[in-house]
Structures are given as C-alpha cells and as structure tokens.
Amino acid sequence: MKDANVKEKIQRLLISNAVPIIFVLLSAVAIPLSGFTPQYLIQEMMTRVARNSFLVLSLLIPILAGMGLNFGMVLGAMAGQIGLILISDWSVSGLPGMLLAALIATPIAVFLGWICGTVLNRAKGREMVTSYILGFFINGLYQLAVLYGMGKLIPIRKAELVLSRGYGIRNAINLQGIRHCLDDLIPLKIGDMSVPLATYLVIAAFCLFILWFQRTKLGQDMRAIGQDMAVADSAGIPVERTRIIAIIISTVLACYGQIIFLQNIGTMNTYNSHDQAGMFAIAALLIGGATVARATIGNVFLGVVLFHLMFVVSPMAGKQLIGQAQLGEYFRVFVSYGIIAISLALHAWKRQKDRERARRSLRGQAA
Amino acid sequence: MNDKLRSFIEAAGWPRVIIGLFLLSLFVAAPFVGVRVDTSLSDTLVRVGMNGVMVLALVPMVQSGCGLNFGLPLGIIAGLVGAVTSIEMDVRGLPGFLVAMAIAIALAVVLGYAYGLLLNRVKGDEMMIATYVGFSSVALMCMAWLLLPYKSPNMIWGYGGSGLRTTISVQGYWLKVLSDFMSFNVGPYFYFPTGMFLFFALMCFLMWAFFKTKTGTAMTAVGSNPEFARACGIDVDRMRIVSVVLSTVFGAIGILVYQQSFGFIQLYMGPFYMAFPAVAAILLGGASVNKASLLNVIVGTFLFQGILTMTPSVINSIMQTDMSEVIRIIVSNGMILYALTRKVQVKR
C-alpha cells in the first residue's frame, strides 16, 4: 500500500514536471553538440534572463485570477513601443528617456488593458483564444496608427524615423540613445562577463511586488475568482472589475517589460517586435513548468533559462548534426509552438479527468 | 416596408448589413476612380471559388460543437503533400489533380483522426489548442520539406539539390484544370471559372447531403446538446472525430482548389495563417461559434473576398495609400472577436 503510494507520488511528480524535464534532457544532448563554451552560454543566459524575465513575469497575475495565459500582453508591448518611438523622435536619451517612454506608454497600456479586460469579461471560459485574437485586432489598429497616423496626425520631426514617402514609421528603429542604459547603470564585471545588475534589481523588486501583491486583499480576491467565479461572486467580490484590474496590471507590466527588452536589444522592429514578445514569453513560462492555472516565479526563471538555452543552442546543434542551420531554426519555431500546444492540451486533458473523477466520487463506493 | 427592412436587418445581423453596404459602396465608387467593375467582379468571383471549399471545411466542426477550426493548416498540409507528390510522380492535367486529391484525402483522414482524438481530450478548450496544433504542424512540416526525399527538379532548390522550394509552380501540371473547365469570358475583362464553381457547388451539395444523413443529424445533435445526444445513444466522441476528419479532408481539398487557380504551391510558412481568413469569412457570413450553415459559407466568402479584392484597388485610388492590408487585419480579426464575445450575450 505504502509502496504504491510512493510510486504514485513519483509518477505524479514526473507528470507535473514533464515539460521542464524533457527540456533539461534536450539541452543535455544539444549543448555538447553545439560546441559552445560554458562561459559563452552563461554570459548569454545572463543577458537573456535580464532581457526577458520581466515580460514573462507580467503573465503571472492573470493566471492568478484564473484568466489563463494572457495572450493580450502584446497590447502592452505595443504601448511600450509607441512610447519608444516618441522618445526617439524627441531625442531624449539615457535613463530619463526610458522613464519618459514608460510614462507616455503607461496611460496607453492602461487604456488597452481596460479594453482587453472588458472584452474578456464577455468571453468568459475562452479568455485565451479571445485575447489572442484581440492581439491581432489591436495590431491592426497599431499599424494604422504607426504606419499611417505618425507623421501625418502625430507630428514626427526626425527624418530618419519616417518612411521616405513622408509619413509612417520605418521598419526598424535604432534605439542607440537608450541602448543598455539600464543594463549598464551599475557596471559590474565578474571575470570577462558583464552583469546587468540594475536590470536584475528591477526584476527582483518586481518579484517582491508580486509576492506582496498576492497577499493583499486584491490578490486574495483574484485567487478566489481564479478558483471559482460563482463562489467569489456570492462572497461579494466584484468579479468583473477585479478581472479587468488583473488584465490592466498585466498589460502595464508587459509594456515596461517590452521597454526593458528593447533597451537591451538596441533596435526595434516596429511591426514585429511585439508579436514575438507574446509568443516567446508564453512558451518560456510553459517550459518552466507552469500550467494555465498555476504559475510561480520559479517557473518564470527556469522557463526563461531553458527556453533561451534551446534558442541559442539549437541552430548550431542542427548545423553540426545535419549540416543545415536552417533546420535548427525551424526546429526552434516548432518547439515554441509545439510546447504551447502540448502544455495547453495536457492541462485541458487533466482538467477533464479531474471533472470525471469528481463526478465519479459523487456516485459513492459502489463502482 | 419599414418592418420588412427591420426584420431583414435583424435576420442578417448588423455586421453583415454594414459590411455588405460597404462592399456595395466600393463597387459603386469603383468606376469613378478608374477601377473597372467587371474586372473587380470577376476577381471577386475567382477568389470566392478559390477559398470557398476551405471556408466550407469549417462547417462540420462548428456543427459538432468543436468550435472554429483554427487547426485548418493541418488539412492544408495534407493537401500540400498531395500536391507535391503528384508533381513528383509527374502526372499532368486532370489525372494529376486527382492523384493529388487522393493522396491528400488519405493523409487528411489519418491526420484528422489523430487530431480528433486529441480534441476529444480537451473539450472546452478546442479553439486555443487547435490554433497551436495548426502552428506546430506547420513548423514541423517546415523541417519535413527540407528533408523529404523529393527529387523533381521543378520543385527542389537549384543549388544543393535537396529540399523543396518555398513556392512551386503548378504550371504544366494541373494549373487551372478546374477553373478552365467550361469557363467563359464576357467582354475582355470578365472571366468566369465555371468548373471551379461547379466543383464548389458539388462540395456544398455533398456537405448538405451529409447533414441530411443519420450521421449528419447525429452530429448536429452533439453540437447543440451533447448531454441530450448521449442520452439518445449517440456516441459523442465518435461524432466529434468524424466531424474533425471531415473538416481536415475538406481543408485538404480546399487548398488544392486554391492552388490550381492560384498557380503556385506555397510551402514552409505559407499555410501558417491560412485558417484566419477562412474563419473570418464564415463568421462574416453569419455563423457563430456553435452554428454554421452553407448559406453562411457562401455569403461570408463572397463578402470577405469582395472586400479583399475591392479595398486595395478602390481605397488606394481614393486615398493614394496602400491601406488594404491594415483594413484586412482589422476586419477579419474584428469579425472573429465579435463572434467570440457574442455567445455569452445571447445566453444572458
């Protein structure tokens, strides 16, 4: 009896951590194949964790509120990019520029988050697919604003930002002014490796914020809603309002996350950067072992490290193995999408099983 | 008269009326900005024929309660494999097209069955998972296109000598085998692809006839009330699998019809977003997440493709800018969004 229990426990542990385990194994095979030095990989991971964690962390709060993965985080990313376009036009550089971008982007992100929350309240039970499509829809409006509005309705003075036809923003924007301004704020070198200390401090502060937030009244309300909307409602929690707040927070944080991400990259891909932000953040979170209903800060960091390890290693591994780097490139696209598909499916399957088990338990011992 | 108008608008739904009027105004405005109406109409009809079957493919899954098939790329991939294999076998003309179709259908049945098994385990979350099943299968096939041992010099990269090209011409094989069957021209500008429309009509008829059979009725019952269907002794899971297989098969046929008219097979990331226009079209035609009819398919495809054809030419001539892509994004995703948020409202 006891043996069976232990076996079951191990089984359950393996199943619930299946995704990270698979990725650890995959990396264990791919790293030696790629031929990268450990030092290079550590430096690379250090940069990438600093670059991406904030975006991934922004997904946590909607999960707490039971709204699933917030595919609508691209809305926040778009808001951040609008802020960045404007400060590049005004030539405000360095940390003040970054802060100003965040300041401009915040009201836009709040507004977009409010729209997203309102829409999602009308699509309860299919938040994810709705927020996903909403991302596309707002992307259309974003393109309308940036490609046609800027330079026409919104004055843009710098010629190097504007397309040659006189309006619309160019495909790629050089963010030289704010490049690495947060990363290099507190210079720290360990051996040959530079550590973006200030970025880590911001991320740490944000982790503390999330931990604190979960203990506040609002955080507890969200958790209650995440567990059962009807019960929360009868307990007097304003369900719809709280859900909107959860999405607004997530959108604003995604906006800051995108600004941090782009200050590290240094160039902005006006019409694509935000799309990728959403997909990579979600894939990373899921690889870290999070599910649609439960995600912790640990999942975030584990996920970012594992996902980006694969990201760096797989093209080289593909080249060494088959002689085509392109293959590794496709492999990594496949893995990002495949992992989202598998984790979503596993979660839905588990939920269905749980429901069946709950129904069976009502029938009593007879069966 | 007023009552009649009101009841018509109610039956058709506001979005369709608005889009319909918008399309009509585009057609009216066309001659004034130097765009020929007959050319535009012909283009619209050709596009309707090209995309119709793919839109039709969404019907079974909606009817069986599996939601909108965002996993359509899976069926499309089956069609692509059929297409490249038929070229590899060097069968030309109509036989080539039929060979492509046979291979595509066989593969689609297998893929659709597996896909159906998966969707049965994730009831309630089908749409999100379907999206990512579609995406990941496209990405998987990207690797496969590089590695599969196809040899025909018309399809592989000139250098290196392996791996399929991103676009493959079907010229000389089965370009327009359906479209040009009994096609006719009116004046120099209007071309009507009769064969393609006959084929589309045949597909619609098959779908209609299917829903009149016992299986088809059972499928609709599963979609409208699964508990009731189960109580009637219908195997719910089996019906759902049948609907998914059917949808995947129609998707595969749909892409072949598309390619024979378009003239090119688009591999790699080509099929990536192909589910979205189809979904937008059927929703524009008045389907909801859990109910769709053939009328929705035909009306929706015409409206959607009409807007796609007309906006670039007309709007661009009026405003001197190329806004069609942005308009397309906003209209199609706005439509999907509207459908996703609508059902709850009705329930209340």
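See the structure printed just above.
Fair warning: this is a prediction, and the values are worked out from it, not measured in the lab. (Residues numbered from 1 in each chain as written. Chains lettered and ligands numbered in written order. Predicted model: local features only at pLDDT ≥ 70, side-chain atom pairs only at ≥ 80, totals over all residues. Heavy atoms only, no water.)

Enquirer: Pulling in residues and values, what's your account of the overall build of chain B?
Expert: Secondary structure assignment for chain B yields 14 helices and four strands. By the compact-globule yardstick of 20 Å for 348 residues, chain B fits well, its C-alpha radius of gyration being 21 Å. With respect to the principal axes defined by its C-alpha atoms, chain B has extents near 65 × 60 × 35 Å. Burial status across chain B gives 57% buried among its 348 residues. In chain B, the share of contacts with a sequence separation of at least 24, taken over all contacts with a separation of at least 6, comes to 75%. (Helix = DSSP H or I, 4+ residues; strand = E, 2+ residues; numbered from the N terminus. Rg over C-alpha atoms; globule rule 2.2 N^0.38 Å. Buried < 20%, exposed > 50% of the residue type's maximum accessible area, 1.4 Å probe, protein only. Contact = heavy atoms within 4.5 Å.)

Enquirer: Can you lay out the pattern of salt bridges for me, pointing to particular residues and giving the numbers?
Expert: Applying the stated criterion to the full structure yields eight salt bridges over all chains. One salt bridge connects A:Arg243 with A:Glu127, and the closest N-O pair in it is separated by 2.9 Å. With a gap of 116 residues between them, A:Arg243 in helix α11 (residues 239-265) and A:Glu127 in helix α7 (residues 127-149) connect regions that are remote in the sequence. A:Glu127 shares its class with A:Arg243; the two are buried. Between B:Asp90 and B:Arg92 there is a salt bridge, with its nearest N and O atoms 3.1 Å apart. Note on B:Arg92: relative accessible area 44%, which makes it partly exposed. (Salt bridge = Lys/Arg side-chain N within 4 Å of Asp/Glu carboxyl O.)

Enquirer: Break down the nonpolar core for me, citing the residues and quoting the values.
Expert: Grouped together as the largest cluster of nonpolar side chains are 233 residues, with contacts concentrated most on A:Leu69, A:Leu285, B:Phe70, B:Tyr132, B:Trp174, B:Ile265 and B:Ile282. The contacts of A:Leu69, once residues within four sequence positions are left out, are A:Ile63, A:Met128, A:Ser131, A:Ile282, A:Leu285, A:Leu286, A:Val292 and A:Leu344. Membership of the second largest hydrophobic core comes to seven residues, among which are A:Ala30, A:Val312, A:Val313 and A:Ala317. (Core = buried A, V, L, I, M, F, W, Y, C linked by side-chain atoms within 4.5 Å.)

Enquirer: Explain a positive patch on the surface residue by residue, including any values.
Expert: Together, A:Lys353, A:Arg355, A:Arg359, A:Arg360, A:Arg363, B:Arg121 and B:Arg230 make up a region of like positive charge exposed at the surface. Summarising the element assignment, A:Arg359 is placed in helix α14 (residues 325-362). A relative accessible area of 46% places A:Arg359 in the partly exposed class. (Patch = residues over 30% accessible without salt bridge, like charges linked within 9 Å, V, L, I, M, F, W, Y side chains within 5 Å. Areas by Shrake-Rupley, 256 points an atom, 1.4 Å probe, with all protein chains shown as cover. Lys, Arg positive; Asp, Glu negative; His and termini not counted. Charge placed at Lys NZ, Arg CZ, Asp CG, Glu CD.)

Enquirer: Could you give an account of the packing of helix α6 (residues 94-121) of chain A against α11(A), naming the residues involved and the relevant values?
Expert: All names here are of chain A. Here α6 crosses α11 at 145°, and the two axes come no closer than 7 Å. The hand of the α6/α11 crossing is right-handed. Residue composition of the contact of α6 with α11, grouped by class: 17 nonpolar, seven polar and two charged. (Axes fitted to C-alpha atoms, helices over the stretch in contact; angles between N-to-C directions. Left-handed = near helix turned anticlockwise from the far one by under 90°. Nonpolar A, V, L, I, M, F, W, Y, C, P; charged D, E, K, R; others polar.)

Enquirer: Please provide a residue-by-residue account of helix α5 (residues 72-88) of chain B, values included.
Expert: It helps to recall that an α-helix has 3.6 residues per turn; residues three or four apart then point in one direction. Residues and elements named next belong to chain B. Helix length check: α5, at 17 residues, gives a terminal C-alpha distance of 25 Å against a target of 24 Å (1.5 Å per residue), a fit within 8%. Within α5, 16 of the 17 residues are buried, which leaves the element mostly enclosed by the surrounding structure. Downstream of α5 by one or two residues, Asp 90 has phi in the positive range, about 60°. (Expected span 1.5 Å × (residues − 1).)

Enquirer: Let's hear about the packing of helix α6 (residues 93-120) of chain B against helix α11 (residues 236-262) of chain B: which residues, and what values?
Expert: Residue and element names in this part refer to chain B. Relative to each other, α6 and α11 sit at 145°, their axes nearing to 7 Å. Classified by chirality, the crossing of α11 by α6 is right-handed. Here the contact of α6 with α11 is composed, by residue class, of 19 nonpolar, five polar and two charged.

Enquirer: Talk me through the interface of chain B and chain A; I want residue IDs and the actual numbers.
Expert: Counting residues at the interface gives 45 residues for chain B and 43 residues for chain A. In total, chain B and chain A occlude about 3900 Å² of area from one another, counting both sides; carbon and sulfur atoms represent 71% of this. Of all residues in chain B, B:Met128, B:Tyr132 and B:Leu337 give up the largest surface area on contact with chain A, accounting jointly for 17% of the area buried on that side. On inspection of chain B and its partner chain A, the count reaches zero salt bridges. On the surface where chain B and chain A come into contact, there are zero residue pairs in polar contact (both at pLDDT 80 or more). Of the residues contributing to the side of chain B that touches chain A, the split by class is 29 nonpolar, 10 polar and six charged. (Buried area = accessible area lost by both parts, 1.4 Å probe. Polar contact = N/O pair within 3.5 Å; in protein donor to acceptor, adjacent residues only side chain to side chain.)

Enquirer: Describe in detail the packing of aromatic side chains, supporting the description with residues and values.
Expert: Tallied over the full model, the rule gives 31 aromatic pairs over all chains. Judged by centre distance (6.0 Å) and plane angle (85°), the rings of B:Phe135 and B:Tyr273 are edge-to-face. Of this pair, B:Phe135 sits in helix α7 (residues 126-147) while B:Tyr273 sits in the loop between β4 (264-266) and α12 (275-284); the two residues are 138 residues apart in sequence, bridging distant segments of the chain. Taking 5.3 Å as the distance between ring centres and 25° as the angle between the ring planes, the aromatic pair formed by B:Phe184 and B:Phe192 counts as stacked. The exposure class assigned to B:Phe184 is partly exposed, which follows from its relative accessible area of 40%. By the ring-pair criterion, three or more aromatic residues cluster together here, those being A:Phe71, A:Tyr132, A:Phe136, A:Tyr337, B:Phe70, B:Tyr132, B:Phe135, B:Phe272, B:Tyr273 and B:Phe276. The side chain of B:Arg92 reaches across the aromatic face of B:Tyr173, ending 4.6 Å from its centre. (Phe/Tyr/Trp six-rings, centres within 6.5 Å; stacked < 30°, edge-to-face > 60°. Lys NZ or Arg CZ within 6 Å of the ring centre and 35° of its normal.)

Enquirer: For the environment of A:Tyr200, give the residues involved together with the corresponding values.
Expert: All names here are of chain A. In this fold, Tyr 200 is placed in helix α8 (residues 197-215). A relative accessible area of 22% places Tyr 200 in the partly exposed class. As for Tyr 200 and Gly 303, which are separated by 103 residues in sequence, their C-alpha atoms are 16 Å apart. Residue contacts for Tyr 200: discarding those within four places in its chain leaves Met 46, Val 49, Ala 50 and Val 195.

Enquirer: A description of helix α5 (residues 73-90) of chain A should follow, citing residues and the corresponding values.
Expert: Over its 18 residues, α5(A) extends 26 Å from the first C-alpha to the last, a length consistent with the 26 Å expected when each residue adds 1.5 Å. Summarising burial for α5(A): 17 of the 18 residues are buried, a large majority.

Enquirer: Got a sec to walk through the side chain of A:Ser250? Specific residues and values, please.
Expert: Residues and elements named next belong to chain A. Within the secondary structure, Ser 250 sits in helix α11. When its relative accessible area of 0% is taken as the criterion, Ser 250 is described as buried. Here Asn 70 takes part through its side chain, which lies 2.8 Å from a polar atom of the side chain of Ser 250. Residues within four places of Ser 250 in sequence aside, it is in contact with Ser 58, Pro 62 and Asn 70.

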